Amino acid sequence: MMPPRLLCPLLLVLLPGFLHAATNPATLTTFRLDVTIPLGHACMGGGISPAKSVAQPLEARGFVLSVPREKPFVVVSFDWCEIRGSAYDDWRAGLAEVAQTEPQRVLISSTHVHDAPVMDPEAEFLLHATEQSGAWKGLPAPAPQAPIQLASVCWPDFNRLCIQRAKTALAEALKKPRTITHFGIGRAKVDRISANRRFVLPNGGISYARGSRSGDKPDAAAADEGDIDPWLRTLSFWDGGTPVCALYSYAVHPMSRYGSGVVGIDFVGLARDKFQAAHPDVHTLYASGASGNVTAGKYNDGSDVSREGLVQRLHAAMAAAWEKTERHELKAPAFRNAKIPLGARNTMAHTEAGLRHRLRTDPVPFGRAESAMGLAWYERVKSGHQIDLPCIDFGPAQFLLLPAEAYVEFQLHAQSLRPESFVMCMGYGECGPGYIPIERAWKENDSNLRDWTWVGPGSEEPMKAAIREVLGK
């Protein structure tokens with residue numbers, strides 16, 4: 001038994017903390033803002049038609065979780081394709097400043113819809129500098145009626161404007177926090193949406209050509225689903241028995257069709273909004289899981305009927321997961337963050353010299369845009385940058401943010417490390433690396449890795465090591 005002369009000073013040290021926790025409960029602040037790109041802005045980094053019209057506005061939806069004796073956590077999901085480079089840094093720094101936390105506790109994800117922007121300011125600056133300087137004039141002279149088209153990845157000024165709007169929206173929202181006593185976890189299997197890009201051909205060969213729609217690829221539609229995560233998961237926050245916020249995540253590329261310049265949120269956003277309409281008092285977010293190699297193509301032909309089917313089946317899983325939600329008392333979560341030393345790709349045309357040559361000479365605008373994005377990642381790696389892999393540990397549940405277009409096997413690996421627990425992953429965090437494949441994909445010549453991949457072979461182990469670190473394994 002501790003002597004009284006020692007017990008009293010100890011109580012004087014600990015009691016203020018206990019009293020603070022009792023009188024200052026956990027709170028949650030929700031916020032949302034419109035981040036719809038202007039008409040004319042590039043979509044998918046310039047890979048498809050720029051914005052011509054808007055079917056649904058693009059939003060950023062987020063929340064700030066504040067618990068006693070911890071710096072706040074900020075989670076935001078964007079209806080954007082990707083956020084890269086200094087844009088990612090600026091978003092984290094700006095929201096961290098308002099929420100009075102540190103940037104690594106700001107978890108930002110993009111749903112990866114394609115009729116939406118890729119924010120990569122450094123790539124845009126490289127394009128602008130090259131094209132305005134005339135360094136690209138070694139291109140073949142165009143016919144008078146077909147002038148060479150300038151390339152564009154994004155409008156950095158618009159990104160900065162959105163950050164200012166978000167800071168204002170968050171500052172206003174923080175004036176009205178909600179008390180939170182519990183968090184909830186739930187999951188449900190999703191019916192006929194996702195399948196791996198990789199499938200076995202009738203002749204026994206391997207193909208990686210299962211895209212987001214397979215109307216003209218009967219073999220892709222007929223093959224089995226392959227490696228996927230069939231579960232949609234939800235993490236929710238409650239004030240007693242009253243739900244305040246729900247975050248959903250499911251691993252699938254979120255496109256039913258894209259490329260015509262019609263800006264929108266596609267089937268994942270439509271399912272989210274359908275759930276939001278049924279639960280107007282529950283702030284609802286949707287984030288794509290690690291799904292660089294998972295698409296809806298097996299079950300989607302790009303038609304209106306297919307899209308509506310995807311919406312209905314995803315919404316049905318959201319409703320089922322909500323009904324199966326189990327609530328747990330919210331205690332101060334633990335936070336762990338690992339650094340991932342992903343390098344820059346150095347294969348064939350993807351060397352730095354190769355990318356600079358393509359930036360100067362490719363007659364196709366998107367070819368130059370892709371080169372600029374690759375070079376932007378090269379410069380980031382050369383500066384010593386390493387990507388954060390954060391994890392918020394609630395005890396019975398762990399919530400991770402994986403970077404870029406990580407393949408689904410990384411999400412499955414995280415779950416395999418803690419089979420007794422509820423492991424939920426968001427994908428599409430910092431997106432500079434592009435696809436992050438497993439080694440098997442390199443060995444089997446995954447056709448998707450010809451471009452949009454700026455890390456090289458050997459990335460699987462650093463990714464898995466970081467996942468093990470944050471999960472305590």
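The notes below deal with the structure included here.

Rules behind the numbers
Residues numbered from 1 in each chain as written. Predicted model: local features only at pLDDT ≥ 70, side-chain atom pairs only at ≥ 80, totals over all residues. Heavy atoms only, no water. Helix = DSSP H or I, 4+ residues; strand = E, 2+ residues; numbered from the N terminus. Rg over C-alpha atoms; globule rule 2.2 N^0.38 Å. Buried < 20%, exposed > 50% of the residue type's maximum accessible area, 1.4 Å probe, protein only. Contact = heavy atoms within 4.5 Å. Lys, Arg positive; Asp, Glu negative; His and termini not counted. Charge placed at Lys NZ, Arg CZ, Asp CG, Glu CD. 1 Å grid on protein atoms, 1.4 Å probe; cavity = no way out; pocket = protein on both sides within 12 Å on 5 of 7 lines; lining within 4 Å. Points joined across faces, edges and corners; volume = space filled by probe spheres on them. Pairing = 2+ DSSP bridges. Axes fitted to C-alpha atoms, helices over the stretch in contact; angles between N-to-C directions. Expected span 1.5 Å × (residues − 1). Left-handed = near helix turned anticlockwise from the far one by under 90°. Nonpolar A, V, L, I, M, F, W, Y, C, P; charged D, E, K, R; others polar. Core = buried A, V, L, I, M, F, W, Y, C linked by side-chain atoms within 4.5 Å. Phe/Tyr/Trp six-rings, centres within 6.5 Å; stacked < 30°, edge-to-face > 60°. Lys NZ or Arg CZ within 6 Å of the ring centre and 35° of its normal.

Remarks on the overall build of the protein chain
Link 1 in the chain: Of the regular secondary structure elements, the protein chain holds twelve helices and 24 strands.
Link 2 in the chain: Over its C-alpha atoms the protein chain spans a radius of gyration of 23 Å, differing by no more than 12% from the 23 Å that the globule rule assigns to 473 residues.
Link 3 in the chain: Projected onto its principal axes, the C-alpha coordinates of the protein chain cover approximately 90 × 50 × 40 Å.
Link 4 in the chain: Out of the 473 residues belonging to the protein chain, those deemed buried represent 57%.
Link 5 in the chain: For the protein chain, long-range pairs separated by at least 24 residues make up 79% of all intrachain contacts whose partners lie at least 6 apart in sequence.
Link 6 in the chain: Taken as two groups, the 50 positive and 50 negative side-chain charges of the protein chain have centres that lie 2 Å from each other.

Observations regarding empty space enclosed by the protein
If a probe the size of a water molecule is rolled over the atoms, the empty space left behind becomes visible.
Link 1 in the chain: Going through the model one piece at a time under the given rule, you end up with two cavities of 30 Å³ or more.
Link 2 in the chain: Along its surface, the largest cavity is lined by Y88, R92, I387, D388, P390, L401, L402, P403, G429 and E430.
Link 3 in the chain: Listing elements by their share of the lining of the largest cavity, those giving two or more residues are helix 2 (85-99) and strand 20 (387-393).
Link 4 in the chain: Sort the elements by how many residues they give to the lining of the largest cavity and strand 20 lands first, with three residues.

A short note on the sheet that holds strand 23 (residues 422-426)
Link 1 in the chain: On the basis of which strands lie adjacent, the open sheet formed by four strands has the order 19-20-21-23 and mixed pairing. Among the strands making up the open sheet, the edge pair consists of strand 19 (334-340) and strand 23. Strand-to-strand twist in this sheet, taken as the mean axis angle between neighbours without regard to direction, amounts to 20°.
Link 2 in the chain: Here strand 20 pairs with strand 21 (residues 397-401) via three bridges, running antiparallel. Each bridged residue has a counterpart across the sheet, and for C391 the counterpart in strand 21 is L400.

Side note on helix 7 (residues 304-323)
Link 1 in the chain: In this model, helix 7 (20 residues) spans 29 Å end to end at C-alpha, consistent with the 28 Å of a helix rising 1.5 Å per residue.
Link 2 in the chain: Every buried residue of helix 7 is accounted for by S306, R307, G309, L310, V311, R313, L314, H315, A317, M318, A321 and W322.
Link 3 in the chain: On its buried side, helix 7 packs onto strand 9 (182-189), strand 13 (231-239), strand 14 (242-250), helix 6 (266-278) and strand 16 (283-288).

Focus on the packing of helix 8 (residues 352-361) against helix 9 (residues 365-382)
Link 1 in the chain: Look at helix 8 against helix 9: their axes get within 8 Å of each other, and the N-to-C directions meet at 145°. By crossing handedness, the relation of helix 8 to helix 9 is classed as left-handed. Contact residues: E352, L355, R356, R358 and L359 in helix 8; G367, R368, E370, S371, A372, G374, L375, Y378, E379 and K382 in helix 9.
Link 2 in the chain: Partitioned by chemical class, the residues of the contact of helix 8 with helix 9 number five nonpolar, three polar and seven charged.

So, the nonpolar core
Link 1 in the chain: Counting residues in hydrophobic clusters, the biggest one holds 140 residues, and the most contacted among them are W80, W91, F237, L314, F394, F399 and L400.
Link 2 in the chain: Ranked by the residues each element gives to this core, the list is headed by helix 9, at eight residues.
Link 3 in the chain: Excluding anything up to four places from it in sequence, F399 contacts V75, L107, L235, L247, P390, C391, I392, F394, M424 and M426.

Regarding the packing of aromatic side chains
Link 1 in the chain: One pass over the full model with this rule turns up 13 aromatic pairs.
Link 2 in the chain: Relative to W80, the ring of F78 lies with its centre 5.1 Å away and its plane at 40°, an arrangement referred to as tilted. With respect to burial, F78 and W80 carry one shared label: buried.
Link 3 in the chain: Between F366 and W452, the ring centres sit 6.2 Å apart and the planes meet at 35°, which makes this aromatic pair tilted. Highlighted residues: F366 in helix 9 and W452 in the loop between helix 11 (439-443) and helix 12 (460-470), separated in sequence by 86 residues.
Link 4 in the chain: Each residue in the set F63, F183, F237 and F394 is aromatic and connected to the rest through ring pairs, giving one cluster.
Link 5 in the chain: Sitting over the face of the ring of W231, R187 holds its NZ or CZ atom 3.6 Å from the ring centroid.

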